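# Coordinates in review
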Amino acid sequence: MLKSRLFIGFCLVFLVQVAFAQEQKARRITETLCSDSLYGRGYLKNGVNKAAYFLADEFQKAGLDPFLENSGYLQPFQFDVNTFPGTVSLSVNDKKLIPGKDFVVDAVSGGGQGKIQFIELDTTILEDEEELKKVISTAQEKDNYAFYLDLSGASIKLESTLKYQLKGLAQFAPVVFITARKFTWSVGRTQLKHPIFIVKEKLIDTATKVKYTVDAQFVEGFESNNVIGYLPAKRKNAKTIVFTAHYDHLGGMGTTTSTFFPGANDNASGTAMLVSMADYFRENRTKYNMLFIAFAGEEAGLLGSKYFVEENSVDLDKIKFLLNLDIMGSGEDGITVVNGAQLKKPFKKLVKINDKKEYLTRIKPRGPTQNSDHYYFHKEGVPSFFIYTMGHNKHYHDIYDTYDELSFAAYDNIVKLLIDFVEKM
């Protein structure tokens, strides 16, 4: 009896140590992916591909086989992208504003420099076509005019509409939008002639003296890479379970460290979970082939996953299930499962496991979306869940999404939940 108790005690200690080691490894991978050395995993200083080489090495260490015959773990593809490799500055009355905190440039901004005076627009400008033509003509008369529109009192819907409809004015002159809302950035795949500034309210008005410099470079055919690892099943003709996460992020706006977008929660955390799943299933093989894909190009429009599907990289009919992981660094309030409202049977299984094991506080179903890498698989009929955490961390597409802001509150329990889910298929 004593030996039995000692054995059970040893096993419990071992399991705790394994879980601790797993989270420590996940933290290391996450911290590396959102470090300054990878420049926001975007298109400045080849940050996204430096991240790809790091992940290929992690996949190899995890014991995954290269999936592609000719290129090992890497699947290259190309797309056009707008970048800001040099100075991005905006001065008001000779005081420099802080990029990322006081202002951002729109991702499709062109470059330029100089002093500007403003042509003020009203939020009703789209309702008067003749007035819009008049202000465009005025802006074209001199080089130092810029359009100015204060959106600080506008609704979210109106602000979004006006930014979308009026950013094209940057073909004629610089554009300045004033906002009371948090900044979010993105990846531009086109470039307009002049820059577009989004500035925090109360920092600029039409009477201020404004100077700017924006170095914008449009890169055609930028080569990026999906990173793919594989664990074959022991039996032939096995179905495949696919784990996916995007590892790319937004890169940087200029060359200063403070204006890189680290993307810790989105999605260094989900990428680290790919490796956690690989570590487990390498040692605990199932009846399925296991495919692990870290996608690039997600922030530029799901380009990596679209390429993977359109290239027939794998027989989609042989995929049993796909689990796409994003924003895995919190989880205090549980998880949301996209497609959970449609795929009711597998969602019910996920909830049943959680009810029994009490891993998470909540599992919330959601309908279909087109905003992550599950989409092109789902579109082709592959059963897919896109899972993301809910919690205190609200940083998204901004410079504050850093490693230090992550709690990893539900990380280990999400890993356990997904393992149980796969093993009960």
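What you see is a predicted model; the values in this text were computed from it and never measured.

## Observations regarding the pattern of salt bridges
One pass over the structure, following the stated rule, counts 16 salt bridges. Residue Glu-310 pairs with Lys-306 through a salt bridge whose shortest N-O separation is 2.9 Å. Linking Glu-310 with Lys-306, this pair stays in helix α6 (residues 303–310), spanning 4 residues, or about one helical turn. Connected via shared salt-bridge partners are Lys-25, Asp-279, Arg-282 and Glu-283.

## With respect to the environment of Leu-417
Along the chain, Leu-417 turns up in helix α9 (residues 411–423). With 369 residues separating them in the primary sequence, Leu-417 and Val-48 have C-alpha atoms 30 Å apart. Other than its neighbours up to four places away in sequence, Leu-417 contacts Ile-335, Leu-350, Ile-353, Asn-354, Tyr-359, Leu-360 and Ile-363.

## Considerations on a negative patch on the surface
On the surface, a cluster of negative charge is made up of Glu-120, Asp-122, Glu-127, Asp-128, Glu-130, Glu-131, Asp-150 and Glu-201. With respect to the secondary-structure elements, Asp-122 resides in the loop between β6 (112–120) and α3 (129–141). For Asp-122, a relative accessible area of 45% translates into the label partly exposed.

## A word on the pairing of strand β12 (residues 240–246)
When you tally the buried positions in β12, you get 7 out of 7 residues, the bulk of the element. A two-sided burial pattern is seen for β12, the buried positions comprising Thr-240, Val-242, Thr-244 and His-246 on one face and Ile-241, Phe-243 and Ala-245 on the other. As paired strands, β12 and strand β16 (residues 319–326) are joined by 5 bridges and run parallel to one another. From the neighbouring strand, Ile-241 faces β16, where its bridge partner is Phe-321.

## Looking at empty space enclosed by the protein
Going through the model one piece at a time under the given rule, you end up with 1 cavity of 30 Å³ or more. Surrounding the largest cavity, 14 residues form its lining, Tyr-43, Asn-82, Trp-185, Leu-250 and Gly-252 being those nearest its centre. A per-element tally of the lining of the largest cavity places strand β2 (residues 74–83) first, with 3 residues. Its residues assigned to classes, the lining of the largest cavity comprises 8 nonpolar, 6 polar and no charged.

About the criteria used
- Residues numbered from 1 in each chain as written.
- Predicted model: local features only at pLDDT ≥ 70, side-chain atom pairs only at ≥ 80, totals over all residues.
- Heavy atoms only, no water.
- Salt bridge = Lys/Arg side-chain N within 4 Å of Asp/Glu carboxyl O.
- Helix = DSSP H or I, 4+ residues; strand = E, 2+ residues; numbered from the N terminus.
- Contact = heavy atoms within 4.5 Å.
- Patch = residues over 30% accessible without salt bridge, like charges linked within 9 Å, V, L, I, M, F, W, Y side chains within 5 Å.
- Areas by Shrake-Rupley, 256 points an atom, 1.4 Å probe, with all protein chains shown as cover.
- Lys, Arg positive; Asp, Glu negative; His and termini not counted.
- Charge placed at Lys NZ, Arg CZ, Asp CG, Glu CD.
- Buried < 20%, exposed > 50% of the residue type's maximum accessible area, 1.4 Å probe, protein only.
- Pairing = 2+ DSSP bridges.
- 1 Å grid on protein atoms, 1.4 Å probe; cavity = no way out; pocket = protein on both sides within 12 Å on 5 of 7 lines; lining within 4 Å.
- Points joined across faces, edges and corners; volume = space filled by probe spheres on them.
- Nonpolar A, V, L, I, M, F, W, Y, C, P; charged D, E, K, R; others polar.

Function cannot be inferred from these measures alone, as they are strictly geometric.
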